[in-house]
Amino acid sequence: MKLPRDRLQRRAESGYGMSLSVINRSRSILALAVVMLTLVAMGEATSLDRFQLFNDCQALDVIVESLTTDERALGLTKVGIESRVVSRLSSAGLYDPSSDAFVYVQVSALNQAYVVIVELNKVVIDEATTIRYFAATWDRKIIGTGARADTILGVVGRHLNDFIGQYLRVNDEAC
């Protein structure tokens with residue numbers, strides 16, 4: 001059904017319809033807000049960011065948890081996961097097998113479910129006792145279904161990319 005021109009005009013004037021300029025202006029404001037929030041998120045590191053990720057840009061070792069028969073049945077191997085993690089860290093200039101700090105990776109699978117954990121572990125100091133110990137200060141964990149080797153390795157890769165990006169951002173001045 002086609003509305004007569006005068007009826008369209010009345011509808012626009014009554015506020016029931018929006019003009020294209022209002023819609024375009026709203027979209028522009030929304031786009032600007034998204035850009036500004038993105039820039040703020042990528043900006044300076046917060047105190048929490050620095051605690052979690054600052055390590056004076058030191059390269060990291062890698063520890064991959066041993067796999068069970070369930071993970072091996074999917075075609076995953078500890079060596080295969082470790083080599084992927086080492087390769088990614090090396091390409092970012094962040095791998096050193098003699099480092100105290102390390103990236104820890106755990107992959108678990110049972111039936112069609114899986115868990116992937118990627119952590120940064122580094123030395124922290126308890127201020128009350130001055131005891132130094134290792135602690136996971138940053139992590140990404142996911143529980144998923146559809147456990148397949150390529151799916152799990154993809155999740156490990158995405159978590160690792162997220163970590164490397166954040167680590168380099170927080171350690172930017174030291175790097």
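Given the structure is predicted, the values throughout are model-derived calculations rather than measurements.

Participant: Just checking my understanding: could you explain the pairing of strand β3 (residues 113-125) for this structure?
Facilitator: Regular strands show a simple pattern: their side chains alternate between the two faces of the sheet. Where strand β2 (residues 102-110) lies against β3, nine bridges are found, and the strand directions are antiparallel. Across the sheet, the residue bridging to Ala109 is Tyr114, located in β3. Counted between consecutive antiparallel strands, the loop separating β2 from β3 contains two residues, among which Asn111 sits at a positive phi close to 55°. In this structure, β3 lies alongside strand β4 (residues 132-145), joined through 13 bridges in antiparallel fashion. Bridge pairing links Ala113 to Thr145 in β4.

Participant: Whenever I open this one, the state of the cysteines confuses me. Can you help?
Facilitator: Cysteine pairs can be covalently joined through their sulfur atoms, and such a bond is termed a disulfide. A full pass over the atoms with the stated rule returns one disulfide. Bridging Cys57 to Cys175, the disulfide has an S-S length of 1.8 Å. Handedness of the Cys57-Cys175 disulfide follows from its S-S torsion of about 90°: it is right-handed. With Cys57 in the loop between α3 (47-53) and β1 (61-64) and Cys175 in the segment after α6 (149-170), this residue pair connects regions lying 118 residues apart in the sequence.

Participant: So what exactly am I meant to see when it comes to unusual backbone geometry here?
Facilitator: Excluding glycine, most residues fall at negative phi; most peptide bonds, likewise, are trans. Its identity as a non-glycine residue notwithstanding, Cys57 has a phi of 60°, on the positive side. Not every positive phi belongs to a glycine, and Thr130 is a case in point at roughly 60°. Among the structural elements, Thr130 can be located in the loop between β3 and β4. A residue is classified by how much of its surface remains accessible, and Thr130, at 59% relative accessible area, is exposed.

Participant: So what exactly am I meant to see when it comes to the side chain of Glu71 here?
Facilitator: Examined against the element boundaries, Glu71 turns out to sit in helix α4 (residues 69-73). Of the side chains bearing the opposite charge, Arg72 lies closest to the buried Glu71, which forms no salt bridge; the N-O distance is 6.2 Å. What Glu71 contacts, discounting residues up to four positions off in sequence, is Leu76, Val107, Ser108 and Ala109.

Participant: Looking at this structure, I do not really get the confidence of the model for the protein. What am I missing?
Facilitator: Close reading of the predicted structure is inappropriate where its pLDDT is low. Per-residue confidence for the protein gives a mean pLDDT of 81, with 71% of residues at or over 70. Here helix α2 (residues 20-41) stands out as the least confident element of the protein, with mean pLDDT 45; β1 is the most confident, with 98. Considering only residues more than four positions removed or in separate chains, one finds that residues 7-12, a stretch of pLDDT under 50, has six contacts. Taken together, the stretch residues 30-42 has pLDDT below 50 and engages in two contacts with residues farther than four places along the chain or on a different chain.

Participant: Just to check I follow, could you spell out the packing of helix α5 (residues 78-91) against α6 for this structure?
Facilitator: Angle between the axes and distance between the axes: these two values describe a pair of packed helices. At a minimum axis distance of 11 Å, the contact between α5 and α6 shows a crossing angle of 25°. As judged from the angle between their axes, α5 and α6 are roughly parallel. Handedness of the α5/α6 crossing: right-handed. In contact with Ile81, Arg84, Val85, Arg88 and Leu89 of α5, α6 contributes Leu153, Val156, Gly157, Arg158, Leu160, Asn161, Phe163 and Ile164. Among the residues forming the contact of α5 with α6, the class breakdown is eight nonpolar, two polar and three charged.

Participant: Sorry, what's going on with the pattern of salt bridges here?
Facilitator: Side chains that carry opposite charge are capable of pairing whenever their charged atoms lie near each other. By the definition in use, this model includes three salt bridges. The partner of Asp162 in a salt bridge is Arg140, and the shortest N-O contact between them spans 2.9 Å. With Asp162 in helix α6 and Arg140 in strand β4, this residue pair connects regions lying 22 residues apart in the sequence. On the accessibility criterion, Asp162 (29% relative accessible area) is partly exposed.

Reading guide: rules and limits
Residues numbered from 1 in each chain as written. Predicted model: local features only at pLDDT ≥ 70, side-chain atom pairs only at ≥ 80, totals over all residues. Heavy atoms only, no water. Pairing = 2+ DSSP bridges. Helix = DSSP H or I, 4+ residues; strand = E, 2+ residues; numbered from the N terminus. Disulfide = S-S within 2.5 Å. Buried < 20%, exposed > 50% of the residue type's maximum accessible area, 1.4 Å probe, protein only. Lys, Arg positive; Asp, Glu negative; His and termini not counted. Salt bridge = Lys/Arg side-chain N within 4 Å of Asp/Glu carboxyl O. Contact = heavy atoms within 4.5 Å. pLDDT = per-residue confidence, 0-100. Axes fitted to C-alpha atoms, helices over the stretch in contact; angles between N-to-C directions. Parallel < 35°, antiparallel > 145°, perpendicular 65-115°, else oblique. Left-handed = near helix turned anticlockwise from the far one by under 90°. Nonpolar A, V, L, I, M, F, W, Y, C, P; charged D, E, K, R; others polar.

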